[in-house]
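Descriptive analysis of the structure
What follows is the residue order along each chain.
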Amino acid sequence: MANTRSAKKMVRKIARRTEVNTARRSRMRRYIRKVEEAIASGDQKAATEALKTAQPEIMRAAGKGVIHKNTSSRKISRLSARVKAMG
């Protein structure tokens, strides 16, 4: 357990940051799931719309440091390819 004042403060900061990052990651995953559900249903128009809304969310997560920049690019690329392959 933390002993010094600064260590105790860091524990509090890390707990807050973890909570925020968890919410951001969940939000990003929710948008990705919507795209995947649209792809599974076979509706290209819905999949395209879902991808348009998911893309900024994924990039935002990368910008905030929740995921790595390359990971976000890879996710967007793979989702785009899957949506494009539908039509």
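The text that follows walks through the structure, step by step, so that each part is easy to find. (Residues numbered from 1 in each chain as written. Predicted model: local features only at pLDDT ≥ 70, side-chain atom pairs only at ≥ 80, totals over all residues. Heavy atoms only, no water.)

A closer look at the overall build of the protein
In plain terms, the rule: A run of DSSP states H or I qualifies as a helix once it reaches four residues; a run of E qualifies as a strand once it reaches two. Both are numbered from the N-terminal end. What the globule rule says is 2.2 Å times the number of residues to the power 0.38, and the radius of gyration is computed from C-alpha atoms. The contact criterion used throughout is that any non-hydrogen atoms of two residues lie within 4.5 Å. Using the Shrake-Rupley algorithm and a 1.4 Å probe, accessible areas are obtained, with residue cover drawn only from the displayed protein chains. Charged residues are defined here as Lys and Arg on the positive side and Asp and Glu on the negative side; His and the ends of the chain fall outside this count. In this description, the location of a charge corresponds to atom NZ of lysine, CZ of arginine, CG of aspartate or CD of glutamate.
Each helix and strand counted, the protein has three helices and zero strands in total. Scanning the protein from its N terminus toward the C terminus, one meets helices and strands in the order α-α-α. The C-alpha radius of gyration of the protein comes to 17 Å, more than 25% above the 12 Å expected for a compact globule of 87 residues. Principal-axis analysis of the C-alpha atoms places the extent of the protein at approximately 60 × 20 × 15 Å. Sequence-distant contacts, at least 24 apart, represent 59% of the contacts inside the protein between residues at least 6 apart. Taken as a whole, the protein presents about 6400 Å² of accessible surface, with 50% of it coming from carbon and sulfur. If the 24 positive side-chain charges of the protein are averaged to one point and the 6 negative ones to another, these points end up 14 Å apart.

Concerning the nonpolar core
Stated precisely, the cut-off is as follows: By nonpolar core we mean a set of buried residues, namely Ala, Val, Leu, Ile, Met, Phe, Trp, Tyr and Cys, connected to one another through side-chain atoms within 4.5 Å. Only protein chains enter the calculation, and the probe is 1.4 Å; a residue is then buried if its accessible area is under 20% of its type maximum, exposed if over 50%, and partly exposed in between.
Core analysis: the biggest nonpolar cluster contains 18 residues, and Met28, Val35, Ile58, Ile67, Leu79 and Val83 have the highest contact counts within it. Elements with a minimum of two residues in this core: helix H1 (5-41), helix H2 (44-63) and helix H3 (69-86). In terms of residue count, the dominant contributor to this core is H2 (seven residues). When sequence neighbours within four positions are dropped, the list of residues in contact with Val35 reads Ala47, Ala50, Leu51, Ala54, Leu79 and Val83.

Here we look at the side chain of Ser72
Inspection of the secondary structure assignment puts Ser72 in helix H3. Beyond its immediate sequence surroundings of up to four residues, Ser72 is in contact with Ile58, Met59, Ala62 and Ile67.

Examining the pattern of salt bridges
Quick reminder of the rule: Each salt bridge in this description consists of a side-chain nitrogen of Lys or Arg and a carboxyl oxygen of Asp or Glu lying within 4 Å of one another.
Here the structure, examined in full by the defined rule, presents three salt bridges. Between Arg27 and Glu57 there is a salt bridge whose closest N-O contact spans 3.0 Å. Pair noted here: Arg27 is in helix H1 and Glu57 is in helix H2, with a separation of 30 residues, a long-range link. You can call Arg27 partly exposed: its relative accessible area is 36%. We note a salt bridge from Arg82 to Glu36, for which the minimum N-O separation is 3.8 Å. With Arg82 in helix H3 and Glu36 in helix H1, this residue pair connects regions lying 46 residues apart in the sequence. Beyond isolated ion pairs, a larger network of salt bridges with shared partners links Arg27, Glu57 and Arg60.

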